[in-house]
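Take a look at the letters that make up each chain.
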Amino acid sequence: MANPTTSSFVTFGFVKSTTDTVLVRPLILALACACLCADGAAGEEVRYNRDVLPILAENCFACHGFDPAAREAGLRLDTQEGATETAIVPGDVQASELISRIDSDDPDLVMPPADSGKQLTDSQRDTLRRWISEGAHYEEHWAFIPPTQSQPPSIERVEHPIDRFIQASLARHQLAPAPAAENSTLIRRVSLDLVGLPPTPEEIDAFERAAAVDPDAAWRDLIDRLLSSPHYGERWGRWWLDQARYADSNGYSVDAPRSIWKYRDWVIGSLNEDMPFDQFTIEQLAGDLLPDATNRQQVATGFHRNTQINQEGGIDKEQYRIDSVFDRVATTGTVWLGLTIGCAQCHDHKFDPIEQQEFYRFFAFLNNQDEPTIKVDEPGIDVAALSERRQAAEKTMKVTLDAQREAMKAWEEGLDDATRDALDSAVKKAIDVEAKKRNLSQQAALYLASLGADDHAFHEQQKIYHQCDEILQRAPTTMVLRERDQPRTTFLLIKGDFTRPADELTPGTPAVLHPLETSSEYPNRLDLARWITSPKNPLTSRVIVNRIWQQYFGRGLVVTENDFGLLGARPTHPELLDWLAVEFVRRGWSLKEIHRLIVSSHTYRQSSRAQEGSRGDADNRWYSRQERLRLDAELVRDVALRASGLLAPRFGGPPVFPPIPGGVMSQGQVKREWKESMGEDRYRRGLYTFRYRATPPPSLNVFDAPDGYSTCTRRNRSNTPLQSLTLMNDAAFFECALSMEKIIAREGLEVAFRRCTGRRPDEKELAVLRRLDSLTAARALLNLDETITRE
């Protein structure tokens, strides 16, 4: 059931779709609206987005006899043209079919329908009448209008633009900002937010000394240090990998392991380099299509290889290939556009102005790829050059072998038993293989044992071949996309069924957004990526800065961070959202600059404690304080590792296997081996832990890590007894407790407390800890709410 903050859709008609079978499907009218903050005041002009759409959407109007000709023509009521030809006469309330329906006593005609259980109030009827009498003016949905950067409000003694927007809003709601948090809280907060690791007691002390002299300079220096840390890429890499639905296995019931960790390392490296977000986008969507694409740019296309792969027997591979493309379309729409494009897979979108045909035109961009696995360049190793050198040596060897084929055949036929027994074992094995089935190495072994014993040139080429091959075989592989030379034909699929193709379609983008600019007769993914990152796109910059804001405050300026469409919430601070979006592009799409901008504000540095003046902001909708946020699953263990002194700081590389409870890997259809890592790999950050989709490590599950089946733009935060039990008893956390016990013995309880919470304990807290043995005290410290919470 809809409510004013999550509107439902309104359907006024049906239209026929001409395919090989005549289908009847709802005419989608996106007469729906996002969360609206306030009703229009009496006497104020009625606004379509603010006042009218919530009424229509909340009451789920349905079609009952509007003009059949208009329905047949497919006219849509989400446009003024369509509405005025079917249900509304601007300026004439009595002539408007819409008003006749809402006032009707006929149960077959009344709107909302009698069986819907909904009924308009007198106030709602009056609003609709006023809107029509005032001319029934339509407004374009806010998210489809390009952002403009308004001047931040002028507030005395407030300089930061974010603070000026936020504090102006607080003043309108008769609220006041909270004071800044304590320095020990601030350094822990920003360290966890930017690098995902808590500060050491020494770092806290150094910051407090610097802040006592010049707090602003100390804060700037701290931000600079954290943003330049390679741990920044790990912290924010995990944020992006959630959206990329990254995992180390193929999914479905077989859930076999895969090698795609090089894509994960590409993300970390690109974020550390502060690659402009538009380039970051282009390389992931179409890196292989860039001129002279590098190996690294090809690795970036792993973003859309994070789809599942079904390896069950008896499946139709084309069905699951199509399913992968469906996922890529939906993921692209969600991650960059904040739209639920995937909802138009089977029919026109029920809420947003996205037709099914537009879904499949978008689909066409992502339907023209092969899915190879490639070797990846390692530091100091040029895979392309090595491959070329190996290929040249192979070609030279084959020329010699082809020329000597008949002579070698004669030699082989002339061998007697004694001579044959004296041959090297590799040569004897080669002889046992049928001639036409021998590989290059077997042919070479025979040649060198017979006619080529003194062929030094052949010996040299064989040596080059084996050296290059050995290095290449050691090179890691990763999964990428590669454009096909011959495009696949894309069809509209009736009801999303791959066995029911209808009209043939070419690549294109939704008409509600800016036009696709391309000189190509058949646009490709590179055109799509440039369209997504175009300054004309009203969505991408808004969507990304909103998700970044969400990470810092627990909620976005648009609460529905994955839906900027008509069902999504309106921004609580629209001017601030647009200012940030424009600033993001103006600053060269620099993510680090947006991070620096946000964390340097007083809004970010506020205390998270509720103030006397913030009682009217119970859910912190207006940001009258900071938010206490439970750490993400990976960071929970990272904090324990760092606090206990076990953390291994090595970057990148293959996934690792820390301890997990016994029996976990038997929960899936196929029992997989989990060979626990030893040495430093055992204590690496959670980002590097191997992730099976079907059987992920329980400590990640219990702290709400995403499963990798679909894109995740916001993690849930639950609070369950299992979390406490995990922190107390999970083998990986118990190892941390054993190490923390040594710290307590060596440095005392106060130091151990500070390593976990970032602050000094008071005497009551120390008294409680002193009553415990050192191991129990260590386990208790790692289990504290403060330890796993960002204040």
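Residues numbered from 1 in each chain as written. Predicted model: local features only at pLDDT ≥ 70, side-chain atom pairs only at ≥ 80, totals over all residues. Heavy atoms only, no water.

A.B. asks: Sorry if this is basic, but what is going on with the overall build of the protein chain here?
C.D. replies: The helix and strand inventory of the protein chain stands at 33 helices and 10 strands. Along the first, second and third principal axes, the C-alpha atoms of the protein chain reach 110 × 80 × 45 Å. Residues counted as buried form 54% of the 791 residues belonging to the protein chain. Within the protein chain, contacts between residues at least 6 apart in sequence are counted, and of these 71% link residues at least 24 apart. (Helix = DSSP H or I, 4+ residues; strand = E, 2+ residues; numbered from the N terminus. Buried < 20%, exposed > 50% of the residue type's maximum accessible area, 1.4 Å probe, protein only. Contact = heavy atoms within 4.5 Å.)

A.B. asks: Please clarify how the state of the cysteines should be interpreted in this entry.
C.D. replies: In a disulfide, the sulfur atoms of two cysteines are held together by a covalent bond. One pass over the full model with this rule turns up 0 disulfides. Here Cys-343 is not cross-linked by a disulfide; its sulfur's nearest cysteine counterpart is in Cys-346, at 9.6 Å. A relative accessible area of 40% means that Cys-343 is categorised as partly exposed. Note on Cys-736: no disulfide assigned, nearest cysteine sulfur contributed by Cys-756 at a separation of 9.7 Å. For Cys-736, a relative accessible area of 0% corresponds to the buried category. (Disulfide = S-S within 2.5 Å.)

A.B. asks: Looking at this model, I keep getting lost on the environment of Gln-669. Mind explaining?
C.D. replies: Mapped onto the elements of the fold, Gln-669 is located in the loop between α27 (633-644) and α28 (698-702). Residue class for Gln-669 comes out exposed when judged on its relative accessible area of 58%. Taking the C-alpha atoms as reference points, Gln-669 and Phe-207, separated by 462 residues in sequence, lie 52 Å from one another. Beyond its immediate sequence surroundings of up to four residues, Gln-669 is in contact with Ser-253 and Val-254. One polar contact links Gln-669 to Ser-253, side chain to side chain, over a distance of 3.0 Å. (Polar contact = N/O pair within 3.5 Å; in protein donor to acceptor, adjacent residues only side chain to side chain.)

A.B. asks: It is not clear to me how the packing of helix α10 (residues 231-243) against helix α23 (residues 540-553) should be interpreted in this structure. Could you clarify?
C.D. replies: In a pair of packed helices, the angle between the axes and the distance between the axes together describe the arrangement. The N-to-C vectors of α10 and α23 enclose an angle of 120 degrees; their axes lie 12 Å apart at closest approach. Viewed along their axes, α10 and α23 adopt a mutual orientation that is oblique. Taken as a pair, α10 and α23 cross one another with a handedness that is right-handed. Between α10 and α23, the contacting residues are Arg-235, Trp-236, Trp-239 and Gln-243 on the first element and Ile-544, Arg-547, Ile-548, Gln-551 and Tyr-552 on the second. For the contact of α10 with α23, the class distribution of residues is 5 nonpolar, 2 polar and 2 charged. (Axes fitted to C-alpha atoms, helices over the stretch in contact; angles between N-to-C directions. Parallel < 35°, antiparallel > 145°, perpendicular 65-115°, else oblique. Left-handed = near helix turned anticlockwise from the far one by under 90°. Nonpolar A, V, L, I, M, F, W, Y, C, P; charged D, E, K, R; others polar.)

A.B. asks: Which parts of the structure should I look at to understand the nonpolar core?
C.D. replies: Formed by 140 residues in total, the largest nonpolar core has its most connected members in Trp-240, Tyr-263 and Trp-549. When residues no more than four places from it in sequence are discounted, the contact partners of Tyr-263 are Trp-240, Leu-241, Ala-244, Tyr-246, Gln-284, Val-299, Ala-300, Gly-302, Phe-303, Asn-306 and Thr-478. Judged by nonpolar contacts, the second largest core, of 22 residues, contains Tyr-447, Phe-458, Ile-464 and Tyr-465. (Core = buried A, V, L, I, M, F, W, Y, C linked by side-chain atoms within 4.5 Å.)

A.B. asks: Can you walk me through helix α6 (residues 161-172) in this structure?
C.D. replies: At 3.6 residues per turn, the α-helix brings residues three or four places apart onto the same side. Taking 1.5 Å as the rise per residue, α6 with 12 residues should run 16 Å; its terminal C-alpha atoms sit 17 Å apart, in good agreement. Burial analysis of α6 places 10 of its 12 residues in the buried class, which makes it a mostly covered element. Among all positions in α6, only Pro-161, Ile-162, Asp-163, Arg-164, Phe-165, Ile-166, Gln-167, Ala-168, Ser-169 and Leu-170 are buried. Residues of α6 that are buried in the fold lie against α23, α24 (574-586), α25 (591-599) and α26 (602-605). Count one or two residues on from α6 and you reach Gln-174, which has phi positive near 55 degrees. (Expected span 1.5 Å × (residues − 1).)

A.B. asks: Mind showing me how you'd approach the pattern of salt bridges here?
C.D. replies: Pairs may arise between side chains of opposite charge once their charged atoms sit close together. Under the defined criterion, the tally for this structure stands at 59 salt bridges. Linking Asp-632 and Arg-235 is a salt bridge whose minimum nitrogen-to-oxygen distance equals 3.8 Å. With a gap of 397 residues between them, Asp-632 in the loop between β9 (629-630) and α27 and Arg-235 in helix α10 connect regions that are remote in the sequence. Judged by relative accessible area, Asp-632 falls into the buried class, the value being 11%. Arg-235 sits in the buried class, given a relative accessible area of 7%. (Salt bridge = Lys/Arg side-chain N within 4 Å of Asp/Glu carboxyl O.)

A.B. asks: What is the right way to look at the confidence of the model for the protein chain in this model?
C.D. replies: Caution applies to low-pLDDT regions: their predicted coordinates should not be interpreted in detail. Considering every residue of the protein chain, the mean pLDDT works out to 90; 91% of them sit at 70 or more. Confidence drops under a pLDDT of 50 for residues 61-68, and excluding neighbours within four residues, the segment shows 34 contacts in the predicted structure. (pLDDT = per-residue confidence, 0-100.)

A.B. asks: I'm lost on empty space enclosed by the protein in this one. Help?
C.D. replies: In this approach the atoms are scanned with a rolling probe the size of a water molecule, which exposes any empty space left behind. On inspection of all chains with the given rule, the structure shows 8 cavities of 30 Å³ or more. Approximately 130 Å³ is the volume found for the largest cavity. Along its surface, the largest cavity is lined by 16 residues, and Arg-637, Pro-658, Thr-689, Ser-699 and Leu-700 are the ones closest to its centre. Elements that contribute at least two residues to the lining of the largest cavity include exactly α27, α28 and α30 (731-747). A class-by-class count of the residues in the lining of the largest cavity yields 10 nonpolar, 3 polar and 3 charged. (1 Å grid on protein atoms, 1.4 Å probe; cavity = no way out; pocket = protein on both sides within 12 Å on 5 of 7 lines; lining within 4 Å. Points joined across faces, edges and corners; volume = space filled by probe spheres on them.)

A.B. asks: Where do I start with unusual backbone geometry in this structure?
C.D. replies: Glycine aside, residues mostly have negative phi angles, and peptide bonds mostly take the trans form. Cis geometry marks the peptide bond from Met-111 to Pro-112, where omega comes out at -5 degrees. Structurally, the position occupied by Pro-112 is in the loop between α4 (97-103) and α5 (122-133). The backbone of Asp-255 sits at a positive phi, close to 50 degrees, despite the residue not being glycine. Tracing the chain through its elements places Asp-255 in the loop between α10 and α11 (261-272). Located in the positive-phi region is Asp-274, a residue other than glycine, with phi close to 55 degrees. Mapped onto the elements, Asp-274 comes out in the loop between α11 and α12 (277-286).

A.B. asks: Got a minute to help me understand the packing of helix α20 (residues 440-449) against helix α21 (residues 456-474) in this structure?
C.D. replies: Orientation of α20 relative to α21, taken along the N-to-C sense of each, is 155 degrees, at an axis distance of 12 Å. As the angle between them shows, α20 and α21 are arranged roughly antiparallel. Crossing of α20 against α21: the hand is left-handed. On the side of α20, the interface is formed by Leu-440, Ser-441, Ala-444, Tyr-447 and Leu-448, while α21 contributes Phe-458, His-459, Gln-462, Tyr-465 and His-466. In the contact of α20 with α21, the residues fall into 6 nonpolar, 4 polar and no charged.

A.B. asks: Can you help me understand α30 in this one?
C.D. replies: Helix length check: α30, at 17 residues, gives a terminal C-alpha distance of 24 Å against a target of 24 Å (1.5 Å per residue), a fit within 8%. Those residues of α30 not exposed but buried are Ala-732, Phe-733, Glu-735, Cys-736, Ala-737, Ser-739, Met-740, Ile-743 and Ile-744. If you check the start of α30, you find a side-chain oxygen 2.9 Å away from the backbone N of Ala-732, and it comes from Asp-730. Two residues or fewer after α30 comes Gly-748, characterised by a positive phi angle close to 100 degrees.

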